[in-house]
Amino acid sequence: MKGRFIVLEGIDGCGKTTQLEHLVRWLPSAGLMPDAAELLRTREPGGTSLGLSVRELLLHTAADDAPAPVAELLLYAADRSQHVETLIRPALERGDWVISDRFSGSTQAYQGYGRGLNRSLIEQLEQIATGGLQPDLTLLLELPLEESLRRRRGEAADRIEAEGQAFLGRVGEGFADMAKQRGWFRVDAAGAPEDVSQRLEQVLLEQLGE
C-alpha cells in the first residue's frame, strides 16, 4: 500500500511548528494509518543532510553574501529534489506516511509572489524537482498578516522573514491563490492552538478516513 504525504503551508508565524508537533503525536493513534506504517516528520528546506547545508545558505547567510533571487530559487529546487528522491518517495513506496513543514507551494509563494520571479519557470522547476510527486493533502494555515507580525514580535528573523511587511503580504496573497488553484484545505489558524488542532484533525479524518 502506498503511503500518504501531508504538507502544512502558511506564512511565518501561522503556527505550523506547533501544529506539526501535535499531528505527529495524534496521527499514529487516529485510526487513519495502517498498523505497519511509520510516520516521518520532515521540513523544507533542510529535510536531508544536504538540505541542512542548503537551509543554512538560504536562511542564515549574511546580506552581503546572500544568494541572488534566481540562485535562491535554484537552491530551493536542489533541496526539494534531494528531499523527494532520498526521503519522501522511498518512504511512500514503503507504505509509510510523511508529514512536511512546507513543500513546493512555499517556493511559488515566496519566490514567485513575494520576489516576483517568473511563476511559469517556478512551476517547471517544481516538476523537475518533484518528478511529478504531489502531496495527498495540503493544509494551509491561514492567519492575517497583522497577527503574524504580532506573534513574531521580538523574535530573531531569518533572512526571508526579514524581507518586510509588504513582501510577506504578497506571500500571503500567493498562498491564498494557490489554495484555490490546487485544492488545498484552508484552516483558520487564529485563536487558541488547541482549536486549530481540532480543525486540522477534522479535515484529516474527513479526507483520509476510510
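Residues numbered from 1 in each chain as written. Predicted model: local features only at pLDDT ≥ 70, side-chain atom pairs only at ≥ 80, totals over all residues. Heavy atoms only, no water.

This part covers the overall build of the chain. For the chain, the helix and strand inventory stands at eight helices and five strands. Relative to the 2.2 N^0.38 estimate, which gives 17 Å for 210 residues, the radius of gyration of the chain is 17 Å and therefore close to what a compact globule would have. With respect to the principal axes defined by its C-alpha atoms, the chain has extents near 50 × 35 × 30 Å. Taken across its 210 residues, the chain has 50% of its residues classed as buried. Put simply, 78% of the contacts in the chain that link residues at least 6 apart link residues at least 24 apart. If you average the places of the 23 positive and of the 33 negative side-chain charges in the chain, the two averages end up 2 Å apart. (Helix = DSSP H or I, 4+ residues; strand = E, 2+ residues; numbered from the N terminus. Rg over C-alpha atoms; globule rule 2.2 N^0.38 Å. Buried < 20%, exposed > 50% of the residue type's maximum accessible area, 1.4 Å probe, protein only. Contact = heavy atoms within 4.5 Å. Lys, Arg positive; Asp, Glu negative; His and termini not counted. Charge placed at Lys NZ, Arg CZ, Asp CG, Glu CD.)

A separate point is unusual backbone geometry. Going from glutamate 44 to proline 45, the amide bond is cis rather than trans, its omega being -10 degrees. Relative to the helices and strands, proline 45 resides in the loop between strand 2 (39–43) and helix 2 (49–60). Phi is positive for arginine 102, close to 85 degrees, though the residue is something other than glycine. Structurally, arginine 102 is set in the loop between strand 3 (97–101) and helix 4 (104–114).

Right, let's get into helix 4. Counting buried positions along helix 4 yields 11 of 11 residues, so the element is predominantly enclosed. For helix 4, the complete set of buried residues consists of Ser104, Gly105, Ser106, Thr107, Gln108, Ala109, Tyr110, Gln111, Gly112, Tyr113 and Gly114. In this structure, the buried residues of helix 4 make contact with strand 1 (5–9), helix 3 (69–93), helix 5 (119–130) and helix 7 (165–182).

This paragraph deals with helix 8 (residues 193–208). End to end, helix 8 covers 22 Å across 16 residues, agreeing with the expected 22 Å (1.5 Å per residue, within 8%). Here helix 8 has its buried residues at Val196, Ser197, Leu200, Glu201, Val203, Leu204 and Leu208. Down the axis, helix 8 shows its buried residues gathered within 165 degrees of arc, on one side only. Along helix 8, the residues that are exposed and aim more than 90 degrees away from the buried face are Glu194, Gln198 and Glu206. Where helix 8 is buried, its residues contact strand 1, helix 1 (16–26), strand 3, strand 4 (137–142) and strand 5 (185–188). (Expected span 1.5 Å × (residues − 1). Arc of directions from axis to C-beta.)

Let us now look at empty space enclosed by the protein. Under the defined criterion, the tally for this structure stands at one cavity of 30 Å³ or more. Considered as a void within the structure, the largest cavity measures approximately 50 Å³ in volume. Along the walls of the largest cavity sit Leu73, Ala77, Arg80, Ser104, Thr107, Ile122, Leu125 and Glu126, which together make up its complete lining. Elements with a minimum of two residues in the lining of the largest cavity: helix 3, helix 4 and helix 5. Here the residues of the lining of the largest cavity are counted per class, giving four nonpolar, two polar and two charged. (1 Å grid on protein atoms, 1.4 Å probe; cavity = no way out; pocket = protein on both sides within 12 Å on 5 of 7 lines; lining within 4 Å. Points joined across faces, edges and corners; volume = space filled by probe spheres on them. Nonpolar A, V, L, I, M, F, W, Y, C, P; charged D, E, K, R; others polar.)

Along the polypeptide, threonine 48 turns up in the loop between strand 2 and helix 2. Beyond its immediate chain neighbours, meaning those up to four positions away, threonine 48 contacts Gln82, His83 and Thr86.

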